[in-house]
Every structure is written in structure tokens, then in C-alpha cells.
Amino acid sequence: MDALIIETVVKAIVVLLVISALAGFGTYLERKVLAFMQRRLGPMHVGPFGLLQILADGIKLFTKEDIVPQHANRLIFMVAPAITAATAFIALAAIPLFPEFTIFGYTIRPIIADLNVGILFVLGAMASGLYGPLLAGMAQANKWGIIGSARTAILFLSYEVVTGLSILAPIMIVGSLSLIDFNNAQAGGVSDWMVWKQPVAFVLFLIAGFAETNRTPFDLLEHEAEVISGYATEYSGMRWGMFFIGEYANMITVAFLASLVFFGGFNPIGFIPGFLAIILKVSFFFFLMLWVRASWPHVRPDQLMWLCWKVLMPIAILNILITGIVLL
Amino acid sequence: MSLEKYKDRNIGNQNYKLIGHEAFPQTNGEKFERVMKRMVKGELFVGLWVTVRTMFEALFKGQMHTTKYPFEKLPISPRYRAIHEMLRLLESGHYRCIGCGLCEQICISDCIRMDTRYDENQRKEVSEYTINFGRCIFCGYCAEVCPELAIVHGPRYETSSEQRASFSLFEDMLTPIDALKHQKEYPGFGAVSPNADENIKKTPLAY
Ligand code: SF4
Ligand code: SF4
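A brief report on the enclosed structure follows. (Residues numbered from 1 in each chain as written. Chains lettered and ligands numbered in written order. Predicted model: local features only at pLDDT ≥ 70, side-chain atom pairs only at ≥ 80, totals over all residues. Heavy atoms only, no water.)

The interface is formed by 17 residues belonging to chain B together with 15 residues belonging to chain A. Counting each side, the surface lost to burial between chain B and chain A is near 1,600 Å², with a carbon and sulfur contribution of 77%. If you sort the residues of chain B by the area they bury against chain A, Leu 48, Thr 51 and Met 55 of chain B come out on top, with a joint share of 31%. Counting across the interface, chain B meets chain A through one salt bridge. Notably, a salt bridge pairs Arg 39 of chain A with Glu 57 of chain B, separated by 3.3 Å at the nearest N-O pair. Counting the contacts that link chain B with chain A gives eight residue pairs in polar contact (both at pLDDT 80 or more). If you tally residues by element for the side of chain B that touches chain A, the top one is helix α3 (residues 43-60) of chain B, at 10 residues. Taken together, the residues of the side of chain B that touches chain A break down into nine nonpolar, six polar and two charged. (Contact = heavy atoms within 4.5 Å. Buried area = accessible area lost by both parts, 1.4 Å probe. Salt bridge = Lys/Arg side-chain N within 4 Å of Asp/Glu carboxyl O. Polar contact = N/O pair within 3.5 Å; in protein donor to acceptor, adjacent residues only side chain to side chain. Helix = DSSP H or I, 4+ residues; strand = E, 2+ residues; numbered from the N terminus. Nonpolar A, V, L, I, M, F, W, Y, C, P; charged D, E, K, R; others polar.)

And the structure:
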């Protein structure tokens, strides 16, 4: 029992550190990839290839003055970024990041908690992360913030139905909510991947995932051209940084979910070992998010709602019905 | 070519072509049809392809557009009008300015101040010459009016300085005497011809 607790704490700390470092690295990657797609160079001068830019940004964020606006609700204003960051990491707890491996004769399962409702837990935790922007926008006594949080509500009401319904069909096929079971169900190589059986569900899930992580084309919450910075308008320093660590951690989570549920998880592909396979898949989905951001315009809030409720939800329900009939 | 084309001020209907707009959908059925058409047309993937192609061209085909400015500089036109330079006579090394005062007169922002006096040989010499670069609008009139091609615009466009005076004295703008052989002729308006060297004659005093 003690060993389990110690192991879990160590795993939690490792995941926290690695993922927040990766979130920082994600900002670097995003800037680089967007720059290349626009024929620019991106960060260049701090360290080799501008890699230390992350560090410089970190120093900047940590040492910036932490301002709480005069008429803001202090408590909520200060707690809101922590909600976003914390829920993003809590969601990661139920995700098996890598295959089991053995160090010093001790087998480690790189999942903090193998819940039997894993996927529900992940989606639920990520969804509750939207309380961050919602509360932040309402607490800051700023009209852009209010618009930002109103848009958060719209976003939430729109995509959540699609996420749940789209993931339902794969759940019906696998017959379990645990992500490890999902992974094991696709152990038979590339032809076993869920995406061949459920292409529609995959597309729907991807669309909902983009909305969930608040990425272009659904980055309504803080689209500068329209609402300054939306819910993050009044934030500065590390509180602002926490929102973005949360956002990037969410991107990583969605990338993991997509690769686990639809793309065979961490099963080895041919000669590629499992851990490398999942890293490649997650990197691809991360890259896809940046790629889409460079390519596509974003939609209006009403268009998002229209899309989710009038197009995607009927498709998702049809997909579930057809899957059900085929399974019967 | 007739000038009629250019005299026609009725802009808006001659050379413009309207890009074909598809009719805006009116009924819900038409709207649905448009959504479906756009869904299968793959326009979104065209967008993805364009960006990724740009990325590969930028990375591997040298189409990166960034100039790393302080380390690399773009070439500027020879007629670029930056901080002024006072040139010297190529042959004697004496400054070219004859103190005629035309540049001071023509300067539209009134920023050139000069004074002249007779030197010991009873020749006019420039005793004071300053340009107030806080006011200069780099219009180039002074360089155009100068009969001696003495004042020209140089290529020095990085004009941030701790003091306003840093560029503006006669000595600052004058070609240093040891750099005379590097002095380039001003190739812009009113400049001497490229074969000016062949045409140059010694001044009478040299005989
Ligand atoms: S460039 Fe124009 S404004 Fe500047 S000194 Fe010459 S005449 Fe005056
Ligand atoms: S116009 Fe030329 S020659 Fe005359 S005073 Fe100015 S710089 Fe000297």
C-alpha cells in the first residue's frame, strides 16, 4: 500500500514536471511551426535555434508584476488560472502515457490511476477546466472578459455534446471505458486501429477536440482581433502563464486521447517500439493543431453552435445508431 | 498608345473584373446544399496543403523571407535619401562646398545653418555648417540644388543616436580625408557622369 502511494506520488510529480516542461516547449514549437508556414524564422537568438526562448519567457512570466484590477473579484480572479492548469493535469492522471516498462526489476505502469471510467474522467476533467476562463472572464470587471466568458459558455454548450456522442461509438465497440482496454483492443497492428472502424467518430472527435482545447478554428475565447484577449485580458505574469500551460497541457491530452482511442495507442507498429509509436502519434496531432492554426480561419460563435448542434450532433447520433445496429 | 485610357477618371468600371460570386443561398435547403458541397469539396485540405508547401519551400528551398536585420541588411537604392554627406574634391582633397548658400535657402524645413568667411587667401571658406536632423525631412532638395555636388545623401539610415548633434556638424558629414579614395560619386539626380574621372582637369592653381 505504501509502495503504491509513493509510486503514485512520484508518477504524479514526474508527469507534472514533464508535461509542464512540454507545455513550455509547445509554445516554442508553435511559434517555430507557425513562423515556417509564414516564411519567417521564429525565435532565433536566445540559445541554439532560439531554444532558450522558453526559459527567457519563463523568467519574464515569473518576474512580471501580478496585477489584480481594482474592481475585480479578487478571490475568483486569483483562483481561476489555477483551475485551468490543475484540471488540465488532473485529466492526464487517467491517461496511460506509455507502455509498461521495467526499471531495476520494478515494473512501472506509466498511468497515475487506471480508472475503470478513464475516458469519462478525462473528458470530465477537461470540461471542468473551462470553469477557468468562465470565472476569470466574469471576475475581472472588464467587458472583454465578460464577452470571453460568454463565449466560453457558448463553446462549452456546443462541443460537449459532440465529444460525448462521438466517443460513444468506440466505447460501444470496445465495451469498456478504461483507456488501457482501448489500447489493448487495438493490439493487432495497424489494421486493428479504431479509426478504420469509426472514421466518422474520429473526425467528430477531432473537431470537438479542437473546440475543447480552444484552438483555431474554434479559438473564440481569446481571439485578439475581436475580443482583445477575451477572458485573459486583465491577466499578467504567471497567472496568465498558467492559462497557457493549461491550454498546452490540454492539447497534449487531446493528442494522447486521439492516439489512444483511434490510432492504436502505444502498441508497437512493426519495428517501432510502443513508446516511440505513441510519441510519434502525439507529435503528429500536436503538429496538426499548429498546422490547422496556420491554415484555417476561425468561425464565429454562432457558427460553432450551429455546426455542433445542427450538423455534428445528428451525424454523431446516426453513427451511434449504425454502430449499434451493426454490433447487434 | 492613346492617352484616353489615362484621362478617363471614371474609375470603377473599365479594368476591373468581378470575381464570380455564387448566388447566396436563400432557402434552408440551398444553405444545406452549400454546406454539403463545401464539405466534400476539400477546400479545407487545399488550405492545409498550401501552408505545408510553404513551410517546405521556406525550409528547404531557401524561400525564407526573414532578413536578420542587424546582421543582414537589404540593399538600398543609390537614390535613397538618408543622412547627408559632404564630399571632397577627388583630386585636391579640399571640400567641395563653395559656400553659396543655396541649400540653406531651399531647405523647406529650415534646418540648414551655415556661415562663411574669407580665409587668408581671400577665398570663401565654410566656417559653420550644421543640419538639424531633428527637423530634416530628408526631402533631398539640398542635394538637388547644390551646384557643386557637395552635399549628397548617403546610405547611413540607422540614425538613432544619444545626441542629436551626432551627425550634424560639417566635420561629421565630411568625407574623412584618409577615406577619400573610397569616396563614391553620388549616382543620383544631378550626379557627374560615370566617366567623370577622364574629364577632370587640374585647377589653374596647380600649374
Ligand atoms: S533634405 Fe530637405 S529638409 Fe533635409 S536638409 Fe536637405 S533640404 Fe533641408
Ligand atoms: S548648395 Fe552645395 S555648395 Fe552651396 S552651400 Fe550648400 S553644400 Fe555648399
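Structure shown, so let's carry the discussion forward.
All names here are of chain A. Tallied over the entire structure, the rule returns five cavities of 30 Å³ or more. Its volume calculated, the largest cavity comes out at about 120 Å³. Thr 84, Leu 130, Pro 133, Asn 214 and Asn 250 are the residues nearest the centre of the largest cavity, which is lined by 13 residues in total. Of all the secondary structure elements, the ones that give two or more residues to the lining of the largest cavity are α3 (74-92) and α11 (237-262). Here the element with the most residues in the lining of the largest cavity is α11; it accounts for three residues. Taken together, the residues of the lining of the largest cavity sort by class into five nonpolar, six polar and two charged. (1 Å grid on protein atoms, 1.4 Å probe; cavity = no way out; pocket = protein on both sides within 12 Å on 5 of 7 lines; lining within 4 Å. Points joined across faces, edges and corners; volume = space filled by probe spheres on them.)

Here the focus is the packing of aromatic side chains. All names here are of chain A. The full count for this structure, using the stated rule, is 20 aromatic pairs over all chains. Relative to Tyr 235, the ring of Phe 77 lies with its centre 4.2 Å away and its plane at 5°, an arrangement referred to as stacked. Taken together, the residues Phe 77 in helix α3 and Tyr 235 in the loop between α10 (224-227) and α11 connect sequence positions 158 residues apart. Residue Tyr 235 is classed as buried on the basis of its relative accessible area of 7%. Each residue in the set Trp 193, Phe 202, Phe 205, Phe 262, Phe 263, Phe 284 and Phe 285 is aromatic and connected to the rest through ring pairs, giving one cluster. (Phe/Tyr/Trp six-rings, centres within 6.5 Å; stacked < 30°, edge-to-face > 60°. Buried < 20%, exposed > 50% of the residue type's maximum accessible area, 1.4 Å probe, protein only.)

Taken by themselves, the reported measurements are silent on function.
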